[in-house]
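Structural characterization, general
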Amino acid sequence: MNARLARALLISLILLITPLSFARAQDDKGKTTVHVVQRGDTLFKIAQQYGTTVEAIAQANGLTDVTMLSIGQRLLIPNATTTDPGVPTTYLVQPSDSLRSIALRFGTSVADIAKRNFMLNPQQLYVGLQIALQEGSTGGVGIKTGWLHTITPTDTLYRISMQYGVTLPQLMKTNGLKSDAVLFPSQQLLIPGTDKSPPLADLPTPFTGFSLEPATVVQGKTIMLRLNTELPVTMTGSFMNSPLIVFTDKSRVYHIVMFGVESLAQPGIYPMTLNATDDQGHQYQVTRNVEVQDGGYPSEALTLAPELGDLIDPAITQPEADRLNRVIKNFTLQRYYNGPLGLPCSAAVTSQYGTRRSYNGGPYNFVHSGVDFAAAPNAPIYAAAAGVVVLAEPLTVRGNAVIIDHGWGVYTGYWHQVSLIVKVGDRVEAGQIIGYVGNTGRVTGYHLHWELFVHGVSVDPLQWVRQSFL
Ligand SMILES: [Zn+2]
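Please read these numbers as outputs of a predicted model, since none were measured by experiment. (Residues numbered from 1 in each chain as written. Predicted model: local features only at pLDDT ≥ 70, side-chain atom pairs only at ≥ 80, totals over all residues. Heavy atoms only, no water.)

**Quick word on the overall build of the protein**
Our working definition: Starting at the N terminus, helices and strands are each numbered in turn, a helix being any DSSP run of H or I of at least four residues and a strand any DSSP run of E of at least two. A simple rule labels every residue: compare its accessible area, found with a 1.4 Å probe on the protein chains alone, to the largest value its type can have, and call it buried under 20%, exposed over 50%, or partly exposed in between. Here, two residues are considered to be in contact whenever any of their heavy atoms come within 4.5 Å of each other. Areas reported here follow the Shrake-Rupley algorithm with a probe of radius 1.4 Å; residue values treat only the protein chains shown as occluding.
For the protein, the count of helices and strands is nine helices and 28 strands. For the protein, with 470 residues in total, the buried portion stands at 47%. A sequence separation of at least 24 residues applies to 66% of the contacts in the protein between residues at least 6 apart. Accessible area of the protein: about 22,500 Å², with a carbon and sulfur share of 56%.

In structure tokens, the structure reads:
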């Protein structure tokens, strides 16, 4: 009898503690403060963020083991004295979102988001839009996707999936791994969008996943789309009046698209459409409005010496551009590159990709289509990634030029070399010396101009040094 009474008392105490704590949090601030656990969070860190204590959070949430936090877990923060950085104050709209899915994810309502963001029509939602989720939004909290994990000797796929709070099938699918895959130290795995908590997508059948990497589409940058379907399909698509080239794995439920945004693309909102056809011939479509943002590229005014006049003479530049286009418009289904690109030489960057240029006082309608390195004469030039040499010849403007095909429609170009030491058809490895810095072509001095093409579009190569597109 006594034991039963004691147990009953204990249960009612537990039931009482939690609602009381909730009530206190609501009374003190007039509203509940909720923190959504992000990767890297600890209770100590969260307590510091909100100016409260570990004990107070543990008690408010009935936590017995303060080391057990899971990504996406919602914690009630009692007596928060600072603004709430846990529920992002703003959110960057992803292709898999609708207002409904965003409201669900952050525990608010469509009406609240619409009102807060002055939206008269929820159809105004577009990918890349930063919406305010809270009072006093200051911005800056984005959703990160596509983390790279470097394998250590003790790693297993299961352990990695636990570490990042993703499912094992998700992890294997993202990296194209089978269950018997052998992991080797220093190998890199892409961790699927783990910071989305929980993954509430709002997509038409049969699409189950649709994300962009990076999360915003910017002039002159590469964007990668990842699409998942719940059944095998053949996929096509279009964006900014160009077809999207879709790579589909053997299962035909995992699809990726790489797209280079022209550096002079008009910023604005463009429809992105994906069409899927299943084996019965049924057709499905998903369309999302996607914002293309200004790249914020600098401008420079150059005065050309008379002998460099060729640089702006279409009679000279056009045939050379046509020659390059014939080479870089192809795409090789095999992918030779693996991970981020390496730098092609060890020297300072003197002119960034995307710089708007005016020649001899004319309009700023020329663009620097690559990155210039101020390398010493005859300094070695390295292949940025593995691939096959598809062009090695002297050109009027670009001088001794080499183009390497890295597969999947990705090419790198190395201009103004002293001489040509590789030839078409050569297979090169990442970091292999493919030439030496020279001053051939129309140049003002020794330098390496390095260029990257993604599906025929010249894009910022340094983005590929910082980020992996796998
Ligand atoms: Zn250049």
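Still to come is the rest of the account.
**Considering helix H7 (residues 168-175)**
Along an α-helix, a turn takes 3.6 residues, which lines up residues three or four apart on a common side. This is how it is decided: Relevant arc is that of directions from the helix axis to the C-beta atoms, nothing else.
Turning to H7, its buried residues number three or more, namely Leu-171, Met-172, Thr-174 and Asn-175. Considered in projection along H7, the buried side chains sweep an arc of 165 degrees and stay on one side of the axis. Gly-176 lies just past H7 and shows a positive phi near 60 degrees.

**Some thoughts on the nonpolar core**
Note the following rule: To qualify as a nonpolar core, a set must consist of buried Ala, Val, Leu, Ile, Met, Phe, Trp, Tyr and Cys residues joined through side-chain atoms within 4.5 Å. Throughout, the edges of the domains are those of an automatic or database domain assignment.
Among the nonpolar cores identified, the biggest contains 39 residues, and Met-258, Tyr-337, Val-402, Ile-404, Tyr-414, Ile-434 and Trp-464 are the most heavily contacted of them. Mapped by element, the contributors of at least two residues to this core are strand S13 (254-260), strand S20 (371-373), strand S22 (387-395), strand S23 (399-405), strand S24 (410-417), strand S27 (448-454), strand S28 (457-459) and helix H9 (461-466). Per-element accounting of this core gives the leading share, four residues, to S27. Inspection of this core shows a minimum of three residues originating in each of domain 3 (207-293) and domain 4 (299-466). In this structure, Phe-207, Met-240, Ala-265 and Leu-274 belong to the second largest nonpolar core, which totals 25 residues.

**A short note on helix H2 (residues 43-50)**
Among the residues of H2, Leu-43, Ile-46, Ala-47 and Tyr-50 are the ones counted as buried. With its buried residues spanning 100 degrees around the axis, H2 presents them on a single face. Along H2, exposed side chains directed more than 90 degrees from the buried face belong to Phe-44 and Gln-48. The inward-facing, buried residues of H2 contact strand S1 (34-36), helix H3 (54-60) and strand S2 (74-76). Gly-51 occupies a position one or two residues after H2 and carries a positive phi of about 65 degrees.

**Here we look at unusual backbone geometry**
For the peptide bond that leads from Thr-205 to Pro-206, omega is 0 degrees, which places it in the cis range. Along the polypeptide, Pro-206 turns up in the loop between strand S6 (188-191) and strand S7 (207-213). With an omega dihedral of -10 degrees, the bond running from Glu-213 to Pro-214 counts as a cis peptide bond. Backbone geometry places Asn-241, a non-glycine residue, at a positive phi of 65 degrees. Tracing the backbone shows Asn-241 in the loop between strand S10 (233-239) and strand S11 (242-244). The phi angle at Trp-408 is positive, at roughly 55 degrees, despite the residue not being glycine. For Trp-408, the position within the fold is in the loop between S23 and S24.

**As for the pairing of strand S9 (residues 222-229)**
Our working rule: Strands were regarded as paired on the criterion that DSSP finds at least two bridges between them.
Among the eight residues in S9, eight count as buried, and that is most of the element. Side-chain alternation along S9 places Thr-222, Met-224, Arg-226 and Asn-228 on one buried face and Ile-223, Leu-225, Leu-227 and Thr-229 on a second face that is also buried. The sheet contact formed by S9 and S13 spans seven bridges and is antiparallel. Bridging across to S13, Arg-226 finds its partner in Ile-256.

**Some remarks on the pattern of salt bridges**
Selection criterion: For this document, the term salt bridge refers to a Lys or Arg side-chain nitrogen within 4 Å of an Asp or Glu carboxyl oxygen.
Applying the stated rule across the entire model yields 10 salt bridges. One salt bridge in this structure joins Arg-357 and Asp-372, with 4.0 Å as the shortest N-O distance. One end of the pair, Arg-357, is in strand S18 (residues 356-359); the other, Asp-372, is in strand S20, with 15 residues separating them in the sequence. Per residue, the accessibility class of Arg-357 equals that of Asp-372, and both read buried. Three or more residues are tied together by salt bridges with common partners; here these are Glu-300, Arg-357 and Asp-372.

**Brief notes about the coordination of the zinc ion**
Under the convention used in this document: Note on donors: an N, O or S atom is included if it sits within 2.8 Å of the metal, or within 3.2 Å for Na, K and Ca, and water is never included, so sites can look incomplete.
In this structure, His-368 (NE2), Asp-372 (OD) and His-449 (ND1) serve as the protein donors to the zinc ion, at separations of 1.9 to 2.2 Å. Donor residues for the zinc ion sit on one chain with the sequence pattern H-x3-D-x76-H. Of this pair, Asp-372 sits in strand S20 while His-449 sits in strand S27; the two residues are 77 residues apart in sequence, bridging distant segments of the chain. For Asp-372, a relative accessible area of 8% translates into the label buried.

**What about the environment of Gly-441?**
Here Gly-441 shows up in the loop between strand S26 (433-436) and S27. For the pair Gly-441 and Pro-394, spaced 47 residues apart in the sequence, the C-alpha separation amounts to 8.1 Å. Each residue touching Gly-441, except ones within four places of it in the same chain, is listed here: Leu-395, Thr-396, Val-397, Arg-398, Gly-399 and His-416.

**Description of the sheet that holds strand S15 (residues 283-293)**
If you walk across this open sheet you meet the five strands as S8-S15-S14-S10-S11, and the pairing is mixed. Each edge of the sheet is formed by a strand with only one pairing partner; in this case those strands are strand S8 (217-218) and S11. Here S10 pairs with S11 via three bridges, running antiparallel. Each bridged residue has a counterpart across the sheet, and for Gly-237 the counterpart in S11 is Leu-244.

**Observations concerning the sheet that holds strand S19 (residues 366-367)**
Backbone-to-backbone hydrogen bonds pair the strands of a sheet. The strands run either parallel or antiparallel. As summarised here, the arrangement of the three strands in space is S16-S18-S19, forming an open sheet in which the pairing is mixed. Sheet topology places strand S16 (299-302) and S19 at the edges, where each strand pairs with a single neighbour. In this structure, S18 lies alongside S19, joined through two bridges in antiparallel fashion. By the bridge assignment, Arg-357 is partnered in S19 with Phe-366.

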